[in-house]
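This is what each chain is made of:
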Amino acid sequence: MQNQEGAVPDGEKESAISIPISEFDDWTNFADDDIMQQQSAIHAEEANKIHFVGDKEPLSMLAAEYESGSPILLEKIKVLDQQYAAIRRTRGDGNCFFRSFMFSYLEHILESQDRAEVDRIKGNVEECRKTLQSLGYADFTFEDFFALFLEQLDSVLQGNEDSISQDELIIKSRDQSISDYVVMFFRFVTSGEIRKRSDFFEPFILGLTNATVEQFCKSSVEPMGEESDHVHITALSDALGVPIRVVYLDRSSCDSAGVSVNHHDFVPTSGDHSNATSGSTEPARPFITLLYRPGHYDILYPK
Amino acid sequence: MAEDKYNLKNPAVKRILQEVKEMQSNPSDDFMSLPLEENIFEWQFAIRGPRDSEFEGGIYHGRIQLPAEYPFQPPSFMLLTPNGRFETQTKICLSISNHHPEHWQPSWSVRTALVALIAFMPTPPNGALGSLDYKKEERHALAIRSRKAPPKFGSPERQKLIDEKLFVAQIHEYMLSKAPPVPQLSTSQPTKEQAGNSDGEAEVNQQDSVTVAAGDGMPNQAEGDRVLEEEPAAPVIANADPLPAEMRLVARGFPPPVFTNQQVQRPQTRVQKSSDDRLLTWAAIGLTIAILVLVFKKFMKSSGHGAVFMDGS
């Protein structure tokens, strides 16, 4: 993912010079800042390549990416092409699932103006807040993130003073001070849900990392840039009550009957039922569809 | 405090101000930390040496630098008081601080980090950057010294900032009022300073008259006063100021500590315990010396060349 070895010439110069004690006021004199600078340099470089949330592209652009690649993938993209119209890429910085979810959800609300859904999710957000409090999180550690998400939610509903258009939503989603805060909001919600239902999540987590629920949340959910997998998605979908469809584009080959593309619907459960894969009771098709390629999530638009 | 000076829309500023508020409304006996008046991204702190360690009773000052991206990026810490565990004026390597930026998470706070820092003090440094591995005795001596006065920081110009000096002195006194005296090391002989400490402790016995109200407990002011009496080396500003430490902290927006019955008792039992310890230590030392003398005598006699031995030495 991120190459930690890249050189940052500026930082190195500083640390090489010995510094008289009287100048220790200057916090930039320390070797660790090199690491930090290097990190942000890497991020900046990455940012030049792709926004947090990219532009909508026709699915043919995806095919172009694999032109000289695996024939299985090309076959699968052809199948995808029948069902999906477009793709919107997100930056591969470990937060792609959350950023994809954020944009996709807000965009859906913006287009549908579904006030009932907004009221519903606000109720869930309130629940999440209580969950975190009961888990012992200090209010000030999460409240800014919650407030910012609710602000975004209100802004996509039209008729308010602060209502925004689709273009503005894209601009906001590319603004680090908004996007990172919303990502962090989702991370809090995810972590809270996993901890609250640790008995349910424990076996999944054990199968994944051999860590305790607590360790998993600390090392793989709450820190920015930690990638998400099905545990995160299940928890977020359950906590917010939002179904999510994930379409898998990988090399897993299919039998001779023909190429098909797997997908999994994460359907939120209230209570202790486990996740159902598209059962007959499933209410509606998830309005959020993400394309998963090993290590990365992008947004898909159905036809 | 700094509300007018900063852009409240800036998420980092918002968050930091919230942490200041939280820090003020839930003061701890183990640490104290507040931003500098002129820059809320830079905090002064003091922590109390952890109990049951060679740092117990020590008061260690330091600085915290919060990055512009806080809380997405971790704060950095440096200690200013010589302590024998961390180098001073050097950023501290903790998994919670920015030596490992990838481990930091926004749900942590300055408070979390300070608690972690205290917990890290008695851990073996294992060669971590900026760590020191002084002997217990040396750390203990530094703990005693740490109580005398807060350390200086920065360039001579910076040290001329009266406000900052006052601020640091206030933090020091607050911590002195919270930190029990440095106990003696169980493994070593008592030193002069320790003898001085126990004399001071004796006075506490007569000073349990501090009145009492219910509420969150803070240890008593008698301790703080005593410390000032017994340590003439304390900074001039501290002695000259007629207000007790708590009052001055109130002036800076700190809630006054409330005394409880329970906590007033604490120093007494402590005194009892430490004087018992001292007696036992002396007895043990006496016995050891006696045995050594006997063994030596016997050795001289049995080997029969005592004279040669004497000449050689």
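Model, not experiment: these values are computed from the prediction. Residue positions are counted from 1 within each chain, in the order its sequence is given. Labels are handed out in written order, letters beginning with A for the chains and numbers beginning with 1 for the ligands. In view of the model being predicted, local features appear only for residues whose pLDDT reaches at least 70, and side-chain atom pairs are presented and counted only at 80 or more, with totals across whole chains, interfaces and linings using the full set of residues. Excluded from the side-chain calculations are hydrogens and water; all other atoms, namely the structure's heavy atoms, are used.

## A look at the sheet that holds strand β3 (residues 59–65) of chain B
Residues and elements named next belong to chain B.
Part 1 of the reasoning: By this definition, two strands are paired if DSSP reports at least two bridges between them. The numbering of helices and of strands both runs from the N terminus, where a helix is a DSSP run of H or I of at least 4 residues and a strand a run of E of at least 2. Across the sheet, four strands lie side by side as β1-β2-β3-β4; this open sheet has antiparallel pairing. Edge positions in the open sheet fall to β1 (31–36) and β4 (76–79), since each of these has one partner strand only. The sheet shows a mean angle of 25° between the axes of neighbouring strands, direction not considered.
Part 2 of the reasoning: The contact rule is simple, with two residues in contact once any of their heavy atoms fall within 4.5 Å. Axis definition: a line fit to C-alpha positions, over the contact stretch in the case of helices; interaxial angles, taken between N-to-C directions, run 0 to 180 degrees. Contacts from helix α2 (residues 110–120) reach β1, β2 (39–48), β3 and β4 within the one sheet, and its direction differs from that of β2 by about 35°.

## Some words on helix α5 (residues 96–112) of chain A
An α-helix turns once every 3.6 residues. As a result, residues three or four positions apart point the same way.
Residues and elements named next belong to chain A.
Part 1 of the reasoning: A rise of 1.5 Å per residue sets the reference length of α5, with its 17 residues, at 24 Å; its end C-alpha atoms lie 24 Å apart and thus fit the reference within 8%.
Part 2 of the reasoning: Exposure classes here rest on a 1.4 Å probe applied to the protein chains alone. A residue is buried below 20% of its type maximum, exposed above 50%, and partly exposed in between. Extensive coverage of α5 is indicated by the burial of 15 of its 17 residues.
Part 3 of the reasoning: Among the residues trailing α5, Q113 stands out with phi positive, at a value near 50°. To estimate how far a helix should reach, multiply one less than its number of residues by 1.5 Å.

## Observations concerning the UniProt feature "transmembrane region" (unreviewed entry) in chain B
Part 1 of the reasoning: UniProt positions are given in the numbering used here, feature names are shortened, and annotations may be inferred rather than shown by experiment. Per the UniProt entry, the sites bearing "transmembrane region" (unreviewed entry) are residues 279–296 of chain B in this numbering.
Part 2 of the reasoning: From the first C-alpha to the last, residues 279–296 of chain B spans 26 Å; its make-up is 100% helix and 0% strand.

## Quick word on the nonpolar core
Part 1 of the reasoning: Here the nonpolar core consists of buried residues drawn from Ala, Val, Leu, Ile, Met, Phe, Trp, Tyr and Cys, with membership extended through side-chain atoms lying within 4.5 Å. In this structure, F101(A), Y105(A), F146(A), F149(A), F186(A), L240(A) and I244(A) are the most contacted members of the largest nonpolar core, which totals 54 residues.
Part 2 of the reasoning: Counting residues per element, this core draws most heavily on α5(A), at 10 residues.
Part 3 of the reasoning: Ignoring any residue separated from it by four or fewer positions in sequence, one finds F186(A) in contact with F98(A), F101(A), M102(A), F149(A), L236(A) and L240(A).
Part 4 of the reasoning: The next biggest cluster of nonpolar side chains, apart from the first, holds 44 residues, and it includes A12(B), L17(B), A143(B) and I144(B).

## A short note on the confidence of the model for chain B
Residues and elements named next belong to chain B.
Part 1 of the reasoning: What pLDDT expresses is the predictor's confidence in each residue, scored from 0 to 100. Per-residue confidence for chain B gives a mean pLDDT of 68; residues scoring 70 or more make up 60%.
Part 2 of the reasoning: Overall, residues 188–271 carries pLDDT values under 50, and its contacts beyond four positions in sequence, including any with other chains, amount to 130 contacts.
Part 3 of the reasoning: In this model residues 308–313 is a low-confidence stretch, pLDDT under 50, and it forms four contacts with partners more than four residues away in sequence or in other chains.

## Regarding the pattern of salt bridges
Residue and element names in this part refer to chain A.
Part 1 of the reasoning: Should a side-chain nitrogen of Lys or Arg be within 4 Å of a carboxyl oxygen of Asp or Glu, the pair is scored as a salt bridge. Overall, the coordinates contain 25 salt bridges over all chains when judged by the stated rule.
Part 2 of the reasoning: The salt bridge involving D55 is made with R174; its shortest N-O contact spans 2.8 Å. You can see D55 sitting in strand β1 (residues 53–58) and its partner R174 sitting in the loop between α8 (166–173) and α9 (176–196), a full 119 residues away along the chain.
Part 3 of the reasoning: By relative accessible area, D55 is classed as partly exposed at 48%.
Part 4 of the reasoning: Judged by relative accessible area, R174 falls into the partly exposed class, the value being 23%.
Part 5 of the reasoning: In this structure, the salt-bridge partner of R129 is E126, at a minimum N-O distance of 3.2 Å. On the criterion of helical spacing, the pair formed by R129 and E126 is a turn pair, its members being three residues apart in helix α6 (residues 115–134).

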